[in-house]
Amino acid sequence: STGTLTGPLTAGQTLSLSAVAENLSTRGAAGAFPVSFYLSRDTTLDAAVDAPIGHCWVESLGTRSTRTCSTTQGRIPSDLLPGNASPTPFYWIAC
């Protein structure tokens, strides 16, 4: 999942983020796993550059089903935007 963050972003700002996890498998349920959110200047995840900003947990995911997980604890890192607001757009990426 990806989404666009609009408006000025400031260091330390909290974000509410949500993503839909989908199990396309016909071979069984998936156990618990985290969904991590990253802040990016484009829509392609680059873990060496993009900043982690939060996560949520999917407790289990049945065969061919979906589940939404969300967090209200996402936070813009202070070292990403030192001392000032950032121009937009930024994107969030969930994986």
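Residues numbered from 1 in each chain as written. Predicted model: local features only at pLDDT ≥ 70, side-chain atom pairs only at ≥ 80, totals over all residues. Heavy atoms only, no water.

**So, the sheet that holds strand E3 (residues 33-40)**
Working definition: the strands of a sheet are paired by backbone hydrogen bonds and lie parallel or antiparallel to each other.
Moving on, step 1. A sheet is described by the order of its strands in space; here 4 strands give the open sequence E1-E6-E3-E4, paired in antiparallel fashion. Sheet topology places strand E1 (2-5) and strand E4 (51-58) at the edges, where each strand pairs with a single neighbour. For this sheet, the mean inter-axis angle between neighbouring strands, taken without regard to orientation, is 20°.
Moving on, step 2. Bridging between E1 and strand E6 (residues 90-94) involves 4 bridges; their strand directions are antiparallel. Each residue of the ladder has a partner; that of Leu5, found in E6, is Phe90. (Pairing = 2+ DSSP bridges. Helix = DSSP H or I, 4+ residues; strand = E, 2+ residues; numbered from the N terminus. Axes fitted to C-alpha atoms, helices over the stretch in contact; angles between N-to-C directions.)

**Re the state of the cysteines**
Moving on, step 1. A complete count under the given rule lists 1 disulfide for this structure.
Moving on, step 2. A sulfur-sulfur separation of 2.1 Å characterises the disulfide bridge that pairs Cys56 with Cys69. Of this pair, Cys56 sits in strand E4 while Cys69 sits in strand E5 (residues 65-75), and the two are 13 residues apart along the sequence. Just as Cys56 is buried, Cys69 falls in that class too.
Moving on, step 3. Left unpaired, Cys95 is separated from the closest cysteine sulfur, that of Cys56, by 11 Å. (Disulfide = S-S within 2.5 Å. Buried < 20%, exposed > 50% of the residue type's maximum accessible area, 1.4 Å probe, protein only.)

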